[in-house]
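Overview (structure and organization)
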Amino acid sequence: MMMLLRTIFTTLLILLMTGALHATGREDADAEPAEGITRDLARHRAAHYSDVRYALRVEVARGAERLKGTVEIRVVLDAGAGDMVLDWRVGKQDGASAASVGEIEANGRAVGDARVVRDHIVIPRAHLRTGENIVRLAFESLVSATGSAAVTRYRDRTDDAEYIYTLFVPSDASTAFPCFDQPDLKARFTLDLTAPEAWKVVSNTEPATTEPGAGDKTRRTVFRETEPISTYIFAFAAGDFAEFRDEASTLPSRMFVRRSKAARARDELAEVFRLNRDGVKYFERYFARPFPFPKYDLVIIPEFPFRGMEHAGATFLREESILFPSDPTANDLLARADVILHEAAHQWFGDLVTMRWFDDLWLKEGFATFMAAKGVEALLPEYNAWKIFYQRNKPLAYETDITRGTTPIWQELPNLSAAKSAYGNIVYRKAPAVLRQAEFYLGADHFQKSVQSFLKEHAFANATWDDLVRAFERTSGQRLDAWAEAWVKRRGMPSVSVVRTQKRSRRAAAVAPIFIRQENALGEGGAWPMRLKVLLVGIDARGAARTRTETVMLDGAGRPQSIPVRGFSKVDYVFANFEDYGYGLFLLDDVSRAHVGRTLGEVRDDFLRAMLWGALWDSVREAELDPAAYVALALAHVARERDETTVQSILSRTATAFNRYLSDAQRQRIAIQLEQLIFSQMFNAETAGLRITYFRAFQTLATSTQARSELKQILSGEIKVSGMTLRTRDRFDIITVLLARDDPDAPALLERERAADAS
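Nothing here was measured: the structure is a model prediction, and the numbers come from that model.

Quick look at the overall build of the protein
- Looking only at helices and strands, the protein has 20 helices and 31 strands in total.
- The globule rule puts the C-alpha radius of gyration for 759 residues at 27 Å, and the 29 Å found for the protein is close to it.
- Along the first, second and third principal axes, the C-alpha atoms of the protein reach 90 × 80 × 50 Å.
- Within the protein, residue pairs in contact and separated by at least 24 positions form 71% of the contacts whose partners lie at least 6 positions apart.
- With the model as given, the accessible surface of the protein reaches about 31500 Å², and the carbon-plus-sulfur share is 49%.
- The average position of the 100 basic charges and that of the 102 acidic charges among the side chains of the protein differ by 4 Å.

Structural data, given as structure tokens:
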């Protein structure tokens with residue numbers, strides 16, 4: 001028996017040493033790979049592949065429908081690697097393969113028995129060796145004119161100029177060229193790009209050499225090798241770009257914009273460069289780490305599918321996010337600052353340190369959004385950054401998180417083919433709100449030091465949310481397992497309510513105890529550890545107005561927490577999320593809601609007033625406040641509101657209540673009054689930004705014959721809004737509204753506008 005056991009043990013030891021049996025998730029290293037990029041395949045490659053380098057040589061041309069090129073891949077394999085598995089997702093176009101590969105060579109010899117299996121190219125182990133391997137392939141892949149492929153060609157109808165750009169996130173690099181398309185196999189890239197000689201070309205690094213290309217009127221540019229980056233943040237763009245250089249920046253920085261928008265870009269150049277330059281400097285100080293890459297360019301892309309994409313050293317931005325298609329309001333200016341700072345923050349959180357797998361997508365997206373708000377606070381002090389953060393993120397997060405279809409922040413992802421489904425309000429809106437709670441929970445200093453430690457430890461590598469939690473624990477000295485488990489892995493959110501008890505004391509001045517408690521908004525049990533700042537407003541024993549804040553800690557067990565009410569003879573209202581450090585549904589109790597409804601116009605704190613408007617809207621959504629009552633409050637107060645972003649929020653919610661929640665009879669009763677108020681403010685509001693905000697709201701709420709007539713007069717130029725230029729976007733927006741309202745003149749107006757504007 002002992003001899004048998006010894007034989008089994010020896011056999012297992014040999015298998016382990018040779019890599020035939022391992023604990024990386026793939027029991028058979030040579031098993032045929034499944035479709036997509038599975039977690040098991042990724043773990044196997046991360047365990048056995050290392051030191052990856054890509055030398056990519058491609059040619060782009062005007063009107064090209066194919067990207068042609070070669071790639072040399074250098075990779076170190078250990079003894080347990082088995083067959084080499086490259087990702088190559090060819091897809092279909094018109095029933096035929098959208099891409100092809102040929103001339104495969106491994107370590108200087110042709111490979112005749114490579115297998116194209118589902119979304120992969122498998123190179124048998126017989127062609128490989130332990131140590132460095134060099135694989136060369138020729139390939140062709142699709143260039144799309146619609147943005148449906150990883151490489152897109154855009155033709156400007158204004159001047160017939162062309163632009164080609166890549167977008168590989170989350171795992172689409174393997175639809176353009178064969179590679180190991182997983183975030184934790186970081187690699188160094190060298191790009192050799194041939195393009196028409198009149199085109200500008202840009203990639204992650206600066207050009208090392210340029211020379212005439214082999215073709216007529218072409219130029220070949222070889223870019224310097226990158227730092228280790230993931231495949232999804234490698235990128236290039238080429239086309240008839242106008243190029244602008246930020247001469248005030250110590251970091252090499254340029255902006256590329258399509259030729260027909262060059263004049264428009266010059267108008268915005270100074271502010272865009274200032275935000276970008278000062279944002280980089282702010283993040284360098286906050287992270288205690290210089291900008292991670294040798295240069296930082298902004299490439300402005302027409303019809304880009306995202307607001308921005310943080311390619312290392314070369315962020316791509318949607319054109320209309322930077323060069324406004326309509327006269328901008330404060331909301332538009334803040335949105336531009338937000339996207340510039342969001343993508344700059346990604347250069348550290350996402351590019352320098354990258355999540356190991358896309359189940360931790362929130363780790364980079366949540367941080368970038370949170371850090372963008374801190375950047376706005378530092379660079380645009382004229383705005384209340386955290387009020388804007390609340391208005392931009394919390395309502396959208398809550399709208400998703402209150403539904404049965406919500407998910408945890410961390411979502412198990414067995415295959416990268418499903419990675420795009422992880423994007424949405426939970427990752428982009430809830431995750432940054434949780435990080436704001438984490439900063440308040442730990443303390444700002446501990447939070448910042450933890451982030452600095454995390455970036456230092458994982459620079460040019462990968463990390464998980466567990467790594468971040470461990471950094472929080474080391475710096476703060478707190479155990480955070482329960483906190484992290486509740487916030488990251490539990491779906492849904494708390495509903496936090498104020499409970500007023502019956503008075504127990506006979507003393508007239510005594511206030512009955514007040515508690516706050518939390519429940520799972522989905523009724524699924526569980527609670528969230530949370531530190532809050534609670535606001536109490538009322539009257540003291542002498543009859544004078546009194547306001548006080550109390551810091552309250554809610555535990556993970558869901559026990560009610562008492563709020564100190566000493567010094568009050570009456571508490572008019574309690575708001576449990578003062579300054580918005582918490583995350584959840586913070587509803588006003590009946591007494592508080594009634595008082596806030598009566599006195600909202602007297603609240604001088606812009607941030608608090610915005611949050612109280614939000615709390616009242618949450619009461620509408622929870623069927624505690626009649627939507628008509630909210631509209632009545634808007635009619636009573638909005639004209640006195642001077643904060644542009646709050647006006648936009650009130651009007652947007654009013655439009656939702658009017659169009660979706662009110663009955664036909666209710667709409668008919670208040671439509672004229674609402675239209676007249678907004679129409680009046682469109683001309684009489686103090687600032688151009690407010691007038692434009694009311695103009696946009698008027699389009700949304702214009703239902704009567706009179707209101708539609710006024711819209712048509714604005715379109716024809718008979719009525720002008722002071723301080724606003726009626727641009728192409730505005731004109732088509734008006735016609736869209738008229739079409740939606742079945743206005744009889746709308747089809748003719750559309751044809752007339754279409755004939756006059758071919759852009």
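Describing the packing of aromatic side chains
- Taken as a whole and assessed by the stated rule, the structure comprises 45 aromatic pairs.
- Pairing Phe168 with Phe177 gives two aromatic rings, centres 5.9 Å apart and planes at 75°, and the pair type is edge-to-face.
- The class of Phe168 is buried, set by a relative accessible area of 0%.
- The ring of Trp528 has Arg490 sitting right over it, with the charged end atom 5.1 Å from the ring centre.

Quick word on the nonpolar core
- Membership of the largest hydrophobic core comes to 244 residues, with the highest contact counts inside it found for Met84, Phe177 and Phe180.
- The residues touching Met84, leaving out its near neighbours within four places in the chain, are Tyr49, Val75, Leu77, Ile121, Val122, Ile123, Leu128, Asn133, Val135 and Phe180.

Some points on the pairing of strand 9 (residues 120-123)
- Side chains His120 and Val122 project from strand 9 onto one buried face, and the interleaved Ile121 and Ile123 project onto a second face that is buried too.
- Note that strand 3 (residues 84-87) and strand 9 share four bridges and pair antiparallel. Each bridged residue has a counterpart across the sheet, and for Leu86 the counterpart in strand 9 is Ile121.
- Pairing geometry for strand 8 (residues 115-117) and strand 9, over three bridges, is antiparallel. Residue Val116 lies in a different strand from strand 9, and its bridge partner there is Ile121.

So, the pattern of salt bridges
- In the structure shown here, the tally under the stated rule is 68 salt bridges.
- In this structure, the salt-bridge partner of Arg274 is Glu271, at a minimum N-O distance of 3.0 Å. Taken together, the positions of Arg274 and Glu271, both in helix 3 (residues 262-287) and three residues apart, correspond to about one turn of that helix.
- Using a relative accessible area of 23% as the deciding quantity, one classes Arg274 as partly exposed.
- One salt bridge in this structure joins Glu320 and Arg318, with 4.0 Å as the shortest N-O distance.

A word on the confidence of the model for the protein
- Of the residues in the protein, 94% reach a pLDDT of 70 or more, and the chain-wide mean stands at 92.
- Contacts from residues 1-27, a stretch scored under 50 in pLDDT, to residues over four places away or in other chains number 22 contacts.

A word on the sheet that holds strand 6 (residues 100-106)
- Taken in spatial order, the eight strands of this open sheet run 7-6-10-2-1-13-16-15, and their pairing is mixed. Bordering the open sheet on either side are strand 7 (109-110) and strand 15 (207-212), each of which pairs with just one other strand.
- In terms of strand pairing, strand 2 (residues 66-77) meets strand 10 (residues 131-142) through 12 bridges, oriented antiparallel. In the sheet register, Ile73 faces strand 10, and the bridge partner there is Val135.
- Relative to strand 1 (residues 49-59), helix 2 (residues 39-48) is tilted by about 105°, and along the sheet it contacts strand 1 and strand 2.

Some thoughts on the packing of helix 3 against helix 6 (residues 361-379)
- The geometry of helix 3 relative to helix 6 is characterised by a closest axis approach of 10 Å and an angle of 110° between their N-to-C directions. One way to sum up the angle between helix 3 and helix 6 is to call them roughly perpendicular. You can see that helix 3 and helix 6 cross each other, and the crossing is right-handed. Listed contacts from helix 6 to Arg274, Leu275, Asp278, Gly279, Tyr282, Phe283, Tyr286 and Phe287 of helix 3 are Met371, Lys374, Gly375, Ala378 and Leu379.

A word on the environment of Asp590
- Following the sequence through the fold, Asp590 ends up in helix 12 (residues 590-599).
- For Asp590, a relative accessible area of 57% corresponds to the exposed category.
- A polar side-chain atom of Asp590 sits 2.8 Å from a polar atom in the side chain of Arg593.

Observations concerning the environment of Met84
- For Met84, the location among the structural elements is in strand 3.
- With 41 residues separating them along the chain, Met84 and Arg125 place their C-alpha atoms 6.8 Å apart.

Here's the deal with the side chain of Glu319
- With respect to the helices and strands, the residue Glu319 is situated in helix 4 (residues 319-322).
- Judged by its relative accessible area of 8%, Glu319 falls in the buried class.
- Polar contacts involving the side chain of Glu319 include one to the side chain of Arg258, which spans 2.7 Å.

Here is what the cut-offs are and how they apply
- Residues numbered from 1 in each chain as written.
- Predicted model: local features only at pLDDT ≥ 70, side-chain atom pairs only at ≥ 80, totals over all residues.
- Heavy atoms only, no water.
- Helix = DSSP H or I, 4+ residues; strand = E, 2+ residues; numbered from the N terminus.
- Rg over C-alpha atoms; globule rule 2.2 N^0.38 Å.
- Contact = heavy atoms within 4.5 Å.
- Areas by Shrake-Rupley, 256 points an atom, 1.4 Å probe, with all protein chains shown as cover.
- Lys, Arg positive; Asp, Glu negative; His and termini not counted.
- Charge placed at Lys NZ, Arg CZ, Asp CG, Glu CD.
- Phe/Tyr/Trp six-rings, centres within 6.5 Å; stacked < 30°, edge-to-face > 60°.
- Buried < 20%, exposed > 50% of the residue type's maximum accessible area, 1.4 Å probe, protein only.
- Lys NZ or Arg CZ within 6 Å of the ring centre and 35° of its normal.
- Core = buried A, V, L, I, M, F, W, Y, C linked by side-chain atoms within 4.5 Å.
- Pairing = 2+ DSSP bridges.
- Salt bridge = Lys/Arg side-chain N within 4 Å of Asp/Glu carboxyl O.
- pLDDT = per-residue confidence, 0-100.
- Axes fitted to C-alpha atoms, helices over the stretch in contact; angles between N-to-C directions.
- Parallel < 35°, antiparallel > 145°, perpendicular 65-115°, else oblique.
- Left-handed = near helix turned anticlockwise from the far one by under 90°.
- Polar contact = N/O pair within 3.5 Å; in protein donor to acceptor, adjacent residues only side chain to side chain.

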